[in-house]
Amino acid sequence: MTKLQPVRGTRDLLDLRLLHYKAIQSIADETATLYGYAPIETPIFEYTSVFTKPLGETSDIVGKEMYTFNDRGGESITLRPEGTAPVVRAIMSEGLTQTLPQRRILQGPMFRYERPQKGRYRQFYQISIECVGITTYHADVEVISMAHDFLSRIGVKNSVLHLNTLGDMESRLNYRTALIAYFEQHKEKLSEDSRIRLEKNPLRILDSKDPDDKALCVKAPKLNAYLNTSSSEFFEKICLALKALGIKYHIDENLVRGMDYYCHTVFEFKSADLGAQDTLLGGGRYDGLMEQMGGPSMPAVGWACGLDRLALLKTDLKITIPTPIACIIPFSEEQEKEAMILAQHLRTANISSEILTQSNIGKRLKAAVKKGALYAVIIGEDEVKTGKYTVKDLKAKEDSFEKELLLDIESLISHVQN
Ligand code: AMP
């Protein structure tokens with residue numbers, strides 16, 4: 001038996017929901033263009049190694065969420081769980097490191113084997129922004145203000161920018177030592193996952209969702225105290241610029257984000273209107289990523305925004321399902337060919353048209369009204385003979401003399417266009 005429901009965690013998108021997604025996607029494209037970001041599309045699947053090392057073996061994504069399989073040639077393939085590593089891979093394989101900086105927007109589906117719930121799906125949609133090749137804080141400010149701008153263009157209210165810095169490599173190593181010392185003292189209270197993290201990547205304990213881990217994190221050493229001067233200065237410049245731009249933020253010292261590749265700036269836009277899955281958009285600086293993938297050392301910063309979560313929020317977007325302008329109703333089978341030819345003429349003149357052939361004329365007229373059509377065009381024997389069609393204005397008042405007209409095709413087109 002064919003299973004008719006979509007796979008758990010995946011959904012069919014149609015009608016208002018799909019139009020809402022598309023409207024948000026086009027605002028993302030427009031915003032990106034304003035900031036000089038050009039579109040890029042990468043394949044939906046990549047060699048698994050594109051993700052394993054860059055995201056980190058201890059990340060939830062690599063550890064338990066990737067859709068990985070051997071293809072028929074025996075290659076290990078992964079459905080992309082995120083967009084940054086593929087974009088960086090593409091920048092290298094397309095030779096784009098010769099034309100820096102690269103400012104790119106990627107939109108499309110991502111795949112993670114997570115427990116589905118509201119705002120969390122196994123196939124979900126991201127808008128992702130990558131700025132590759134700029135060392136200075138300007139790039140961080142640019143991508144954060146672009147995210148802020150994008151959310152306000154959609155009309156998202158109540159979103160809060162959480163901001164933190166992970167510092168450079170030196171700062172992170174010092175901090176790592178301090179964290180290990182602290183968590184070692186409380187090892188017995190840590191969750192099983194976090195005991196593994198303590199061995200492999202202690203910073204990630206700060207990202208844990210486990211309540212006992214969270215309680216321990218409150219008193220954990222703060223990275224702030226371990227930042228070297230250049231890392232503090234870098235972060236300070238970003239904060240000052242955001243203030244100058246009027247972008248409010250909240251410093252969140254426990255914000256570390258899930259992937260291994262982040263350094264310096266990390267940020268998230270959260271919305272209290274979303275419930276448990278409250279992160280709308282997240283990103284940061286990932287200077288070490290390209291080198292880790294076998295390329296040159298390359299500064300980079302970016303973010304990814306979950307379209308499915310955005311679409312759950314109340315926005316200012318007014319979405320309506322397009323309705324046909326004309327519904328063409330052939331009286332009987334004899335006039336169907338004429339109806340098809342007329343519909344083609346109207347469409348050529350950019351007038352959307354549907355032919356209604358099922359059931360009696362009265363029911364078809366009602367169906368045209370229900371569809372929200374502006375006109376019904378009736379074709380009977382006389383209409384074919386004279387070349388003049390009966391045109392009913394479905395929106396005109398009952399007593400209007402324009403309620404029903406006899407028009408030839410040219411007059412019909414200009415009547416509708418006017
Ligand atoms: P991440 O790539 O994990 O930093 O996620 C960036 C954004 O993508 C998040 O803030 C969410 O809005 C969205 N996102 C991540 N995972 C999912 C998921 N499983 N379902 C829906 N949206 C997601």
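All of these numbers come straight from a predicted model, not from anything done at the bench. (Residues numbered from 1 in each chain as written. Predicted model: local features only at pLDDT ≥ 70, side-chain atom pairs only at ≥ 80, totals over all residues. Heavy atoms only, no water.)

(A) Layout of the side chain of Asp168. Looking at where Asp168 falls in the secondary structure, it is placed in the loop between β7 (159-165) and α6 (169-185). Buried within the structure, Asp168 lacks any salt-bridge partner; Arg172 is the closest side chain of opposite charge, at an N-O distance of 8.4 Å. For Asp168, the side chain forms a polar contact with the side chain of Asn228, separated by 2.9 Å. If near-sequence neighbours (up to four positions away) are discounted, Asp168 is found in contact with Asn228, Ser230, Ser231 and His264. (Helix = DSSP H or I, 4+ residues; strand = E, 2+ residues; numbered from the N terminus. Buried < 20%, exposed > 50% of the residue type's maximum accessible area, 1.4 Å probe, protein only. Lys, Arg positive; Asp, Glu negative; His and termini not counted. Salt bridge = Lys/Arg side-chain N within 4 Å of Asp/Glu carboxyl O. Polar contact = N/O pair within 3.5 Å; in protein donor to acceptor, adjacent residues only side chain to side chain. Contact = heavy atoms within 4.5 Å.)

(B) Summary view of the pairing of strand β11 (residues 300-306). Judged by how many residues are buried, β11 sits mostly within the fold: seven of seven residues are covered. The pairing of strand β6 (residues 123-132) with β11 spans seven bridges and is classified as antiparallel. Its bridge partner lying in β11, Glu130 is registered against Gly302. Here strand β10 (residues 279-285) pairs with β11 via five bridges, running antiparallel. Counterpart to Gly282 in the pairing with β11 is Ala304. (Pairing = 2+ DSSP bridges.)

(C) The pattern of salt bridges, seen in detail. This structure, assessed with the given rule, holds 16 salt bridges. Between Asp316 and Lys157 there is a salt bridge, with its nearest N and O atoms 2.9 Å apart. Pair noted here: Asp316 is in the loop between α11 (307-310) and β12 (326-330) and Lys157 is in the loop between α5 (137-154) and β7, with a separation of 159 residues, a long-range link. The exposure class of Lys157 is partly exposed, given its relative accessible area of 46%. Salt-bridge contacts for Asp287 lead to Arg285; the nearest nitrogen and oxygen are separated by 2.9 Å. What makes Asp287 partly exposed here is its relative accessible area of 22%. Residue class for Arg285 comes out buried when judged on its relative accessible area of 0%.

(D) Helix α12 (residues 336-348), seen in detail. The end-to-end C-alpha separation of α12 is 18 Å, in line with the 18 Å expected for 13 residues at 1.5 Å each. Considered for burial, the residues of α12 that qualify are Ala339, Leu342, Ala343 and Leu346. The buried residues of α12 all sit within an arc of 105° when viewed along its axis, so they share a single face. The exposed residues of α12 that point more than 90 degrees off its buried face are Lys337 and Thr348. Next to the buried residues of α12 lie β12, β13 (353-355), β14 (375-379), β15 (389-393) and α15 (409-417). (Expected span 1.5 Å × (residues − 1). Arc of directions from axis to C-beta.)

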